[in-house]
Amino acid sequence: PPLPAGRISALEALDIWKRRFAEEGVPEPASSSHYIIAHLLGAKTMESVERSKLSELLGRDQTEQIWRLCTKRLSRMPVQYVIEEWDFRDVTLKMRPPVFIPRPETEELVELVLGDLESRSWVGADTQQTCLEVGCGSGAISLSLLRSRPQLQVLAVDQSRDAVELTAENAGRLGLEDRLQVHHLDVMKAGETLLSLCGSVSALVSNPPYLFSEDMNSLEPEISRFEDHGALDGGEDGLNTIKQILILAPQILINHGRVYLEVEPRHPARIQAWVEANVGGLCYVETRRDISGRPRYCILQKESN
């Protein structure tokens, strides 16, 4: 829509863009306009903006900014990239394309890992807990774990230099850089390098590329145009990176250390069968379901040498 000639309020801007997004088939037209306009008013959500502020007339600059950001959303750029930040559990992360945007299911993965680290008897008070994250993206998993466990040390790797730089930047902004090492490394090509970097870790966590290659063709424009395909495409059966992680895991984990994976709901049974047939020293512990009831998380454990 053209920039309005006269001054308008935030509520009017909201209405204009909600309608335009809906007309153009942009998913979630209401929440898209809410997030962008709330962000420009210095808030996270419209609910947290004072009512009076919503009806005040916007300055020309503000209106131009709203039009600029909403036009980006019209091109199907995800809201997270448009406003350049996103909340993940208890941390606010900087976001920029093409670094993978963390999904709500991954928050559940972090809860699962934290609950396990808390309750498992092999982790004594004196044990230095260490974690390896494969495919760190924006740093969501690693930084959320570090924020929740002050004694934890994390090594994070990603095949994308953009991701490594963004994770390091987010760690610095959150004051967590002292307990995080982050490296530009592709586990598919540099398994040996990874082994030399990491010593023995208590937990290996990953939300790896797990889409079946054929499903890459049917992705929404938000994903196919803007997010790193290397963080999504897991090969013909979606298991390329997952298999490599599981082959390396027994050499990386301490005895009884665990692997936590977020996977495609068709994967857990296949992963269990493949590990039993191909990987010595690693046993499949259990499959956990996500909030929608789909089998989503695989937990495996290193058996004693």
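Because the structure is a prediction, the values reported are computed rather than measured.

K.L.:
Which residues make up the packing of aromatic side chains, and what are the values?
P.N.:
With the rule as written, the count across this model stands at 3 aromatic pairs. Centre to centre, the rings of Trp-17 and Phe-21 are 5.5 Å apart; their planes meet at 45°, and the pair counts as tilted. Of this pair, Trp-17 and Phe-21 both sit in helix H1 (residues 10-23), 4 residues apart, which is roughly one turn of the helix. According to the relative accessible area criterion, Trp-17 is buried, its value standing at 0%. Here the aromatic residues Trp-17, Phe-21 and Trp-67 are joined through ring pairs into a cluster of three or more. One cation-aromatic arrangement involves Arg-266 over Phe-212; the distance from NZ or CZ to the ring centre is 3.9 Å.

K.L.:
Describe in detail the pattern of salt bridges, supporting the description with residues and values.
P.N.:
Throughout the structure, instances matching the rule amount to 22 salt bridges. We note a salt bridge from Glu-111 to Arg-89, for which the minimum N-O separation is 2.8 Å. On the criterion of sequence distance, the pair formed by Glu-111 in helix H6 (residues 104-119) and Arg-89 in the loop between strand S1 (85-88) and strand S2 (91-94) is long-range, its members being 22 residues apart. You can call Glu-111 partly exposed: its relative accessible area is 45%.

K.L.:
With reference to specific residues and values, describe the domain arrangement of the chain.
P.N.:
Domain assignment breaks the chain into domain 1 (10-83) and domain 2 (89-302). Domain 1 and domain 2 are separated by 33 Å when their C-alpha centres are compared. Each partner contributes to the interface: domain 1 provides 9 residues, whereas domain 2 provides 14 residues. Together domain 1 and domain 2 conceal approximately 940 Å² of surface at their shared face, both sides included; 60% is due to carbon and sulfur atoms. When the buried area of domain 1 at its contact with domain 2 is split by residue, Arg-76, Gln-80 and Tyr-81 rank highest and sum to 64% of it. At the boundary of domain 1 with domain 2, the tally comes to 3 salt bridges.

K.L.:
Describe the layout of surface pockets, with residues and values.
P.N.:
Roughly 920 Å³ of volume is contained in the largest pocket. Lining the largest pocket are 37 residues, and of these Gln-80, Arg-103, Pro-104, Ile-223 and Glu-227 sit closest to its centre. Every element with two or more residues in the lining of the largest pocket is listed here: helix H2 (29-40), helix H5 (79-83), S1, H6 and helix H10 (221-226). Along the lines of polarity and charge, the residues of the lining of the largest pocket split into 19 nonpolar, 5 polar and 13 charged. A domain split of the lining of the largest pocket shows at least three residues from each of domain 1 (10-83) and domain 2 (89-302). Taken as a whole, the second largest pocket encloses approximately 460 Å³ of empty space. What lines the second largest pocket is a set of 33 residues, and nearest its centre among them are Gly-135, Asp-158, Asn-207, Pro-209 and Ala-231. Elements with a contribution of two residues or more to the lining of the second largest pocket: strand S3 (130-134), helix H7 (140-148), strand S4 (153-158) and helix H11 (240-252).

K.L.:
Give a description of H2 that names residues and reports values.
P.N.:
Its 12 residues give H2 an end-to-end C-alpha distance of 17 Å, which sits within 8% of 16 Å, the value for a rise of 1.5 Å per residue. Taken together, the buried positions of H2 are Ser-32, Ser-33, Ile-36, Ile-37, Ala-38 and Leu-40. Packing partners of the buried residues in H2 comprise H1, helix H4 (60-74) and H5. Gly-42 lies just past H2 and shows a positive phi near 80°.

K.L.:
How would you sum up the environment of Glu-12? Please name residues and give values.
P.N.:
Inspection of the secondary structure puts Glu-12 in helix H1. Once the C-alpha coordinates of Glu-12 and Leu-54 are considered, the two residues, 42 residues apart in sequence, prove to be 8.8 Å apart.

K.L.:
Account for the UniProt feature "domain: Release factor glutamine methyltransferase N-terminal" (unreviewed entry) in the chain, with residues named and values stated.
P.N.:
Under the UniProt annotation, the feature "domain: Release factor glutamine methyltransferase N-terminal" (unreviewed entry) is placed at residues 12-83. Counting secondary structure, residues 12-83 comes out at 68% helix and 0% strand; the distance between its end C-alpha atoms is 20 Å.

K.L.:
Tell me about the environment of Pro-208, and name the residues and values.
P.N.:
With respect to the helices and strands, the residue Pro-208 is situated in the loop between strand S6 (201-206) and H10. Spatially, the C-alpha atom of Pro-208 lies 9.9 Å from that of Gly-137, the residues being 71 residues apart in sequence.

Basis of the calculations
Residues numbered from 1 in each chain as written. Predicted model: local features only at pLDDT ≥ 70, side-chain atom pairs only at ≥ 80, totals over all residues. Heavy atoms only, no water. Phe/Tyr/Trp six-rings, centres within 6.5 Å; stacked < 30°, edge-to-face > 60°. Helix = DSSP H or I, 4+ residues; strand = E, 2+ residues; numbered from the N terminus. Buried < 20%, exposed > 50% of the residue type's maximum accessible area, 1.4 Å probe, protein only. Lys NZ or Arg CZ within 6 Å of the ring centre and 35° of its normal. Salt bridge = Lys/Arg side-chain N within 4 Å of Asp/Glu carboxyl O. Domains from an automatic or database assignment. Contact = heavy atoms within 4.5 Å. Buried area = accessible area lost by both parts, 1.4 Å probe. 1 Å grid on protein atoms, 1.4 Å probe; cavity = no way out; pocket = protein on both sides within 12 Å on 5 of 7 lines; lining within 4 Å. Points joined across faces, edges and corners; volume = space filled by probe spheres on them. Nonpolar A, V, L, I, M, F, W, Y, C, P; charged D, E, K, R; others polar. Expected span 1.5 Å × (residues − 1). UniProt positions renumbered as here; feature names shortened; annotations may be inferred.

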